[in-house]
Amino acid sequence: MTTLTDPPKVGFQLSQLIYDTRYRSITIQVIATILLIAGIYWLVNNTIQNLAALGKDFDFGFLTQPAGYDINQRLVEYSSQSTHGRAAFVGILNTLLVAFLGCVLATVLGVTAGVLRLSNNWVVSRLMAVYVEGFRNVPLLLWIIAIMALMTEGMSRIREFRVGGDASMILNDSVAVTNRGVYIPGIILENGFLASSAMNWLILLVILVVSLIVIRGVRKRSDAVQEDTGVRPNTWYQQLAILIIPVGLVMVLMGAELQYPELRGFNFSDGIHLRNSLIALWLALSLYTGAFIAEIVRAGILAISKGQSEAAFALGLRPNRTTNLVILPQAMRVIIPPLISQYLNLTKNSSLAIAVGYMDVRSTLGGITINQTGRELEGMLLLGAFYLLVSLAISGAMNVYNNRTQLQER
Amino acid sequence: MKNSVLLGALTIAGLAAGAAAAGTLDDVKARGTLNCGVTTGLVGFAAPDANGVWEGFDVGVCRALAAAVLGDPMAVEFVPTTGQTRFTALASGEIDFLARNTTWTFSRDVDLKFEFTGINYYDGQGFMVPRELGVSSAKDLDGATVCIQTGTTTELNLADYFRSNNISYEPVPIETNAEGQQQYLAGACDTYTTDASGLAATRATFENPGDHVLLPEIISKEPLGPLVRHGDNEWADVARWTLNALIAAEELGVTSANIAELANGTDNPEINRLLGTEGELGAMLGLEADWAKNAIMAGGNYGELFEKNIGENTPIGLARGLNAMWTEGGLIYSPPFR
């Protein structure tokens with residue numbers, strides 16, 4: 001007769017931590033955690049030791065000290081008496097400005113070049129291929145420096161704009177292209193509601209955003225009408241009016257006026273001065289990233305089955321409507337995820353501003369401020385945190401957009 | 001238990017790494033070369049010649065130090081640094097010694113934790129403008145575009161000068177002297193400002209130096225000198241007394257021409273102490289007895305270095321002025337070798 005007995009209870013043995021799959025993963029994780037903590041401890045400790053050896057402390061107080069240096073491009077009030085913190089803020093705004101302008105232009109260039117590279121026109125598609133391969137395969141830094149050199153050496157000097165010189169302003173005397181940058185007319189608010197002109201512009205921006213929200217409401221309503229009746233009401237004039245009238249009215253009330261650049265003393269004054277450094281950085285970043293975006297767009301379009309366009313043609317849609325209504329909306333689902341990382345790249349690459357003296361956050365906080373105060377560690381930590389935050393913000397916002405454009409599955 | 005042993009070992013490793021960072025003199029001797037920070041290129045002060053050999057007034061100080069420590073003036077690894085990178089390079093130990101038109105200021109000495117080992121050039125900040133601009137004074141520069149090297153004292157002086165004179169300017173930040181020269185010549189800035197000696201050196205390389213004028217205003221004091229890291233006193237002493245040896249040599253009439261003869265012994269005890277035939281000054285520094293002799297033979301005494309690199313017979317053409325010996329009405333002065 002046989003009896004079933006429980007297997008003998010074996011006590012827990014240390015070797016089980018390695019050989020028993022129930023425990024092995026925990027063992028590995030514990031060891032990895034310990035090593036990680038030890039590594040961090042070592043790094044921090046080493047830093048403290050080395051700072052102590054150099055006789056330095058760790059202190060962010062320098063941010064409230066007067067900076068003492070001037071910044072040429074400033075979107076907010078700043079003078080050499082402002083603090084290092086303020087200088088960092090000016091730099092941050094300059095970084096965000098060039099990153100924003102760059103992302104917009106790169107997207108336009110990239111989508112255009114990507115679509116045109118698939119064109120049936122041999123010349124057009126070859127031209128786009130040259131653009132894409134040319135910019136993708138030459139380092140960005142060279143493009144930045146090349147455009148800067150072109151601007152500095154190739155454009156007319158200021159003195160040639162003086163009486164008797166052989167350079168003149170273009171577009172009805174409103175734009176001056178010089179080797180110090182491009183001067184274009186600017187809008188000034190003669191009698192704004194608030195003392196600070198930045199606040200006045202903020203009011204206009206808020207009004208514009210509200211208008212856009214109202215326009216969305218109008219579109220939704222016409223969508224609903226179309227669902228019900230099958231006829232889409234014609235609302236483009238309403239939308240245009242909502243967009244223009246409130247902002248225009250407030251601008252007139254604030255006394256908005258066009259201000260033309262004018263040669264006075266050493267330089268053009270008034271108007272808006274697009275400095276060489278900004279133009280070089282902006283164009284180079286846009287052209288370079290645009291070439292990558294073009295490839296992403298091309299890949300996205302090629303990913304859409306040929307049957308889609310054939311079906312559209314069978315319905316009688318013209319090629320451009322097929323692209324806009326059938327192909328691109330589907331391709332967007334493939335395009336957007338890699339596009340996010342191109343935007344991140346562009347933003348981080350803007351720190352190449354150092355090559356042309358564009359005063360971005362790396363030049364102010366990460367450059368001059370560190371140099372004048374000797375706070376390398378603190379400055380670099382702040383700089384790292386800033387780029388991290390910006391990258392996470394871009395990536396977060398784009399992911400929200402991505403989720404909305406993806407195929408809604410139920 | 002195991003953890004604390006591990007962490008303890010790591011701590012000791014960290015401490016050992018920290019301790020090893022001290023003793024630059026021993027590091028240099030063990031390495032056999034001196035890592036010397038210089039500018040990225042300023043003719044007369046530090047620039048590579050046609051064969052890629054660095055030469056100039058600041059380079060001369062580097063070579064003298066290498067000769068004093070290692071006996072070989074060519075045992076120098078030159079590290080070009082910009083206004084923004086120089087201090088990080090020195091603080092991080094990438095270079096042992098920075099000889100790069102660096103102004104001795106309170107905050108660099110006290111707050112940035114560096115040790116200036118003397119002054120090898122008394123300078124001041126000036127402005128250069130094209131002659132055709134017709135500007136005769138820096139006060140006429142209201143609204144001008146100014147090329148300025150970032151991360152320098154000149155940048156701060158410039159801001160102060162224009163603010164205190166209630167005039168405005170548009171700064172064009174540049175990284176190196178070469179970039180400044182290119183922007184200035186292209187007319188992207190109306191005026192270039194830096195130390196007057198640097199302006200003279202830059203102008204000397206122009207095709208038509210006569211088309212450019214240095215404005216009369218000198219808006220700051222810029223005592224330029226070599227520096228080392230704070231806290232390594234032995235190394236600071238070596239650097240300090242090497243520069244002093246070059247200065248004392250000129251004062252005592254020791255030149256590269258007569259040094260071989262004088263090194264056999266003279267009736268001037270200070271020359272004997274300087275050249276190592278009397279006393280133990282070399283041993284006190286932890287160097288050979290003929291350290292100062294080697295340093296002087298590397299490129300000559302202070303006056304010879306000056307005349308050869310930036311003096312009136314060179315294209316740069318700087319007069320001795322404030323940089324004459326104290327015995328001739330200048331400020332150059334070495335404490336006694338005693």
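Cut-offs and rules
Residues numbered from 1 in each chain as written. Chains lettered and ligands numbered in written order. Predicted model: local features only at pLDDT ≥ 70, side-chain atom pairs only at ≥ 80, totals over all residues. Heavy atoms only, no water. Disulfide = S-S within 2.5 Å. Helix = DSSP H or I, 4+ residues; strand = E, 2+ residues; numbered from the N terminus. Buried < 20%, exposed > 50% of the residue type's maximum accessible area, 1.4 Å probe, protein only. Contact = heavy atoms within 4.5 Å. Buried area = accessible area lost by both parts, 1.4 Å probe. Salt bridge = Lys/Arg side-chain N within 4 Å of Asp/Glu carboxyl O. Polar contact = N/O pair within 3.5 Å; in protein donor to acceptor, adjacent residues only side chain to side chain. Nonpolar A, V, L, I, M, F, W, Y, C, P; charged D, E, K, R; others polar. Domains from an automatic or database assignment. Pairing = 2+ DSSP bridges. Axes fitted to C-alpha atoms, helices over the stretch in contact; angles between N-to-C directions. Core = buried A, V, L, I, M, F, W, Y, C linked by side-chain atoms within 4.5 Å. UniProt positions renumbered as here; feature names shortened; annotations may be inferred. Expected span 1.5 Å × (residues − 1). Arc of directions from axis to C-beta.

## Quick notes on the state of the cysteines
Residue and element names in this part refer to chain B.
Point 1. Under the counting rule described, the total for this entry stands at 2 disulfides over all chains.
Point 2. Two residues share a disulfide in this structure: Cys36 and Cys62, whose sulfurs sit 1.9 Å from each other. Because the torsion about its S-S bond is -45°, the bridge between Cys36 and Cys62 counts as left-handed. Taken as a pair, Cys36 in strand S1 (residues 34–39) and Cys62 in helix H3 (residues 57–70) lie far apart in primary sequence, 26 residues in all. Each member of the pair Cys36 and Cys62 is classed as buried.
Point 3. Linked covalently through their sulfurs, Cys147 and Cys189 form a disulfide whose S-S length is 2.0 Å. Its torsion about the S-S bond being -95°, the disulfide of Cys147 and Cys189 is classed as left-handed. Of this pair, Cys147 sits in strand S9 (residues 144–149) while Cys189 sits in the loop between helix H7 (177–185) and strand S11 (191–195), placing them 42 residues apart in sequence. Considered together, Cys147 and Cys189 belong to a single accessibility category, that of buried residues.
Point 4. Of note for chain B: the bonded cysteines, numbered N- to C-terminal, pair according to 1-2, 3-4.

## A look at the interface of chain B and chain A
The figure often quoted for interface size is the accessible area lost as the parts come together.
Point 1. Listed by partner, the interface residues are 50 residues for chain B and 43 residues for chain A.
Point 2. Buried surface at the junction of chain B and chain A, summed over both partners, amounts to about 3700 Å²; 50% is from carbon and sulfur atoms.
Point 3. In this structure, Arg180 of chain A engages Asp190 of chain B in a salt bridge whose closest nitrogen and oxygen atoms are separated by 2.6 Å.
Point 4. The interface formed by chain B and chain A holds 17 residue pairs in polar contact (both at pLDDT 80 or more) in total.
Point 5. For the side of chain B that touches chain A, the secondary structure elements donating two or more residues are helix H1 (2–20), helix H4 (86–91), S9, helix H6 (153–164), strand S10 (169–174) and H7 of chain B.
Point 6. In terms of residues, the side of chain B that touches chain A owes the most to one element, H1 of chain B, which gives 8 residues.
Point 7. When grouped by side-chain class, the residues that make up the side of chain B that touches chain A number 21 nonpolar, 16 polar and 13 charged.

## Examining the domain arrangement of chain B
Residue and element names in this part refer to chain B.
Point 1. Domains assigned within chain B are domain 1 (25–120 + 225–328) and domain 2 (124–220).
Point 2. A separation of 29 Å is found between the C-alpha centroids of domain 1 and domain 2.
Point 3. Counting from both sides, the interface comprises 17 residues of domain 1 and, opposite them, 16 residues of domain 2.
Point 4. Summed over both sides, the interface of domain 1 with domain 2 buries roughly 1200 Å², with 58% coming from carbon and sulfur.
Point 5. Among the residues domain 1 hides against domain 2, the three largest losses belong to Leu42, Gln84 and Ile316. Together they make up 30% of the total.
Point 6. Our count for the contact surface shared by domain 1 and domain 2 stands at 0 salt bridges.
Point 7. At the boundary of domain 1 and domain 2, one finds 4 residue pairs in polar contact (both at pLDDT 80 or more).
Point 8. Broken down by class, the residue content of the side of domain 1 that touches domain 2 amounts to 6 nonpolar, 8 polar and 3 charged.

## As for the sheet that holds S10 of chain B
Residue and element names in this part refer to chain B.
Point 1. Within the open sheet, the 5 strands sit side by side as S10-S9-S11-S8-S12. Their pairing is mixed. Sheet topology places S10 and strand S12 (212–214) at the edges, where each strand pairs with a single neighbour. Ignoring which end each strand starts from, the neighbouring axes of this sheet average 30° apart.
Point 2. The pairing of S9 with S11 spans 3 bridges and is classified as parallel.

## A closer look at the domain arrangement of chain A
Point 1. In terms of domains, chain A is made up of domain 1 (21–54) and domain 2 (84–130 + 279–405).
Point 2. Put simply, the middle of domain 1 of chain A and the middle of domain 2 of chain A, counted by C-alpha atoms, are 37 Å apart.

## Digging into the nonpolar core
Within soluble globular proteins, side chains that are nonpolar generally end up buried alongside one another.
Point 1. Within the largest apolar cluster, 59 residues are counted, with the highest numbers of intra-cluster contacts made by Phe97, Trp235 and Trp291 of chain B.
Point 2. The leading source of residues in this core is helix H9 (residues 233–252) of chain B, at 10 residues.
Point 3. Not counting the four nearest positions on each side in its chain, Trp291 of chain B is found in contact with Ala68, Trp241, Thr242, Ala245, Leu281, Gly282, Leu285 and Phe337 of chain B.
Point 4. Counting 47 residues, the second-largest nonpolar core is a separate cluster that includes Ile147, Ala312, Leu339 and Val390 of chain A.

## Considerations on the UniProt feature "domain: ABC transmembrane type-1" (unreviewed entry) in chain A
Point 1. Taking the numbering used here, the UniProt-annotated feature "domain: ABC transmembrane type-1" (unreviewed entry) corresponds to residues 92–398 of chain A.
Point 2. Segment residues 92–398 of chain A splits into 68% helix and 8% strand. End C-alpha atoms: 21 Å apart.

## Description of the sheet that holds strand S2 (residues 181–184) of chain A
Residues and elements named next belong to chain A.
Point 1. Taken together, 3 strands build an open sheet; the order of strands is S1-S2-S7 and the sheet is antiparallel. Edge positions in the sheet fall to strand S1 (176–178) and strand S7 (272–275), since each has one partner strand and no second. With direction set aside, neighbouring strand axes in the sheet form an average angle of 15°.
Point 2. Judged from the 3 bridges that link them, S1 and S2 form a sheet pairing that is antiparallel. Within the sheet, the bridge partner assigned to Ala176 lies in S2 and is Tyr183.
Point 3. Each of S1, S2 and S7 touches helix H8 (residues 276–302); the most contacted strand, S7, lies at about 60° to it.

## Here we look at the UniProt feature "domain: Solute-binding protein family 3/N-terminal" (unreviewed entry) in chain B
Point 1. Here, UniProt's "domain: Solute-binding protein family 3/N-terminal" (unreviewed entry) annotation points to residues 33–262 of chain B.
Point 2. Counted over residues 33–262 of chain B, helix gives 34% and strand 24%. Its end C-alpha atoms are 28 Å apart.

## Notes on helix H5 (residues 140–154) of chain A
Point 1. An ideal rise of 1.5 Å per residue puts 21 Å on 15 residues; H5 of chain A measures up with 20 Å between its terminal C-alpha atoms.
Point 2. Of all the positions in H5 of chain A, only Leu140, Ile144, Ile147, Met148, Met151 and Thr152 of chain A are classed as buried. Looking straight down H5 of chain A, one finds its buried side chains confined to an arc of 130°; they lie on one side. Turned more than 90 degrees away from the buried face of H5 of chain A, the exposed residues are Leu150 and Gly154 of chain A.
Point 3. Elements in contact with the buried residues of H5 of chain A: S1, S2, H8 and helix H10 (319–349) of chain A together with H7 of chain B.

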